[in-house]
Amino acid sequence: TYEFSLENCVINGKIYFYWNADLDMTVDGCTFHNTLGDDGSYALFVQGDQTGTVRFTNNVVDGYTRGVNFQRNQTEFLIDGNIFRNNSEVDRAALQLTTASKFTVTNNTFEESIASNAIWLWDGFNNPETLIADNDIRSAYSVSGYKTEYTNVTATGNRVTPTQCWEKDASAPSDCLL
């Protein structure tokens, strides 16, 4: 198992992390600033296809067109206590959930300055056990990409201001199912 840790760092740019082996990753207490303009699509993009655990906790993600994307089929992701702000791509999200063995998204703040969805269950979302709980969602739009066949997704205790979401490539927002 490869162990990777970023703690209390300032990241001026973006990190694309592709590791196709077992992974134990912690990103805690970091601040991500987009210094790349429109080229700064993701602050952090984690991909691969093996087992592991990724903990993304107590971070600030500021100014990216999208935000953070997690995509590892056999990995458990814990996304807790983060602040997302100033994301600008309307039909995307500050937090993109793509594939995993489990997603736990708790105690995060999605600020008013986010012009997009707070959370996006991407087109390739593989319906893993997913808990979205106790988040403060004040972004322009809430959770997009949810489909009624996603039987493993639980949302509870979230404080949600927006009642609409903006689906990918849509011309206008729509009411959210989640």
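Because the structure is a prediction, the values reported are computed rather than measured.

## With respect to the side chain of Ser41
Phase 1: Take Ser41: it is sitting in the loop between strand 5 (31-33) and strand 6 (42-57).
Phase 2: Polar side-chain contacts of Ser41 include one of 3.0 Å to the side chain of Tyr16.
Phase 3: Beyond its immediate sequence surroundings of up to four residues, Ser41 is in contact with Tyr16, Tyr64, Thr65, Arg66 and Gly67.

## Some thoughts on the environment of Gly29
Phase 1: By the secondary structure assignment, Gly29 is in the loop between strand 4 (23-28) and strand 5.
Phase 2: Once the C-alpha coordinates of Gly29 and Asn58 are considered, the two residues, 29 residues apart in sequence, prove to be 4.8 Å apart.
Phase 3: When residues no more than four places from it in sequence are discounted, the contact partners of Gly29 are Asn8, Cys9, Thr57, Asn58 and Asn59.

## Focus on the confidence of the model for the chain
Phase 1: Mean pLDDT over the chain: 92, with 98% of residues reaching 70 or higher.
Phase 2: Looking at the elements of the chain, mean pLDDT is at its lowest for strand 20 (residues 174-175), recorded as 86, and at its highest for strand 11 (residues 102-106), recorded as 98.

## Some words on the packing of aromatic side chains
Phase 1: Tallied over the full model, the rule gives 14 aromatic pairs.
Phase 2: Ring geometry for Phe56 against Phe70: centres 5.7 Å apart, planes inclined by 65 degrees, an arrangement best described as edge-to-face. Within this pair, whereas Phe56 is found in strand 6, its partner Phe70 is found in strand 8 (residues 67-80), the two being separated by 14 residues in sequence. A single burial state applies to Phe56 and to Phe70, both of which are buried.
Phase 3: On the basis of an interplanar angle of 70 degrees and a centroid distance of 5.4 Å, the ring pair of Tyr141 and Trp166 is categorised as edge-to-face. Of this pair, Tyr141 sits in strand 16 (residues 141-144) while Trp166 sits in the loop between strand 19 (164-165) and strand 20, and the two are 25 residues apart along the sequence. Across this residue pair, the class does not change: Tyr141 and Trp166 are buried.
Phase 4: An aromatic cluster is defined as three or more aromatic residues linked by ring pairs; in this entry it consists of Phe32, Phe56, Phe70, Phe77, Phe103, Phe125 and Tyr150.

## Examining the nonpolar core
Phase 1: Residues Phe32, Leu44, Phe56, Phe70, Leu95 and Ile119 are the most contacted members of the largest nonpolar core, which totals 39 residues.
Phase 2: Elements represented by at least two residues in this core include exactly strand 3 (15-18), strand 4, strand 6, strand 8, strand 10 (93-99), strand 11 and strand 13 (117-121).
Phase 3: No other element matches strand 6, which puts five residues into this core.
Phase 4: Ignoring sequence-local partners within four residues, the contact set of Phe32 consists of Ile11, Ile15, Val27, Ala43, Leu44, Phe56, Asn59, Val60, Val61, Asp62 and Tyr64.

## Some thoughts on the pattern of salt bridges
Phase 1: Taken as a whole and assessed by the stated rule, the structure comprises seven salt bridges.
Phase 2: Of the charged contacts, one joins Lys168 and Asp123 as a salt bridge, the two residues approaching to 3.7 Å between their closest N and O atoms. Here the residue Lys168 occupies a position in the loop between strand 19 and strand 20, and Asp123 occupies one in the loop between strand 13 and strand 14 (129-133), the gap between them amounting to 45 residues.
Phase 3: Each of Glu112, Asp136 and Arg138 takes part in one network of salt bridges that share partners.

Rules and cut-offs
Residues numbered from 1 in each chain as written. Predicted model: local features only at pLDDT ≥ 70, side-chain atom pairs only at ≥ 80, totals over all residues. Heavy atoms only, no water. Helix = DSSP H or I, 4+ residues; strand = E, 2+ residues; numbered from the N terminus. Polar contact = N/O pair within 3.5 Å; in protein donor to acceptor, adjacent residues only side chain to side chain. Contact = heavy atoms within 4.5 Å. pLDDT = per-residue confidence, 0-100. Phe/Tyr/Trp six-rings, centres within 6.5 Å; stacked < 30°, edge-to-face > 60°. Buried < 20%, exposed > 50% of the residue type's maximum accessible area, 1.4 Å probe, protein only. Core = buried A, V, L, I, M, F, W, Y, C linked by side-chain atoms within 4.5 Å. Salt bridge = Lys/Arg side-chain N within 4 Å of Asp/Glu carboxyl O.

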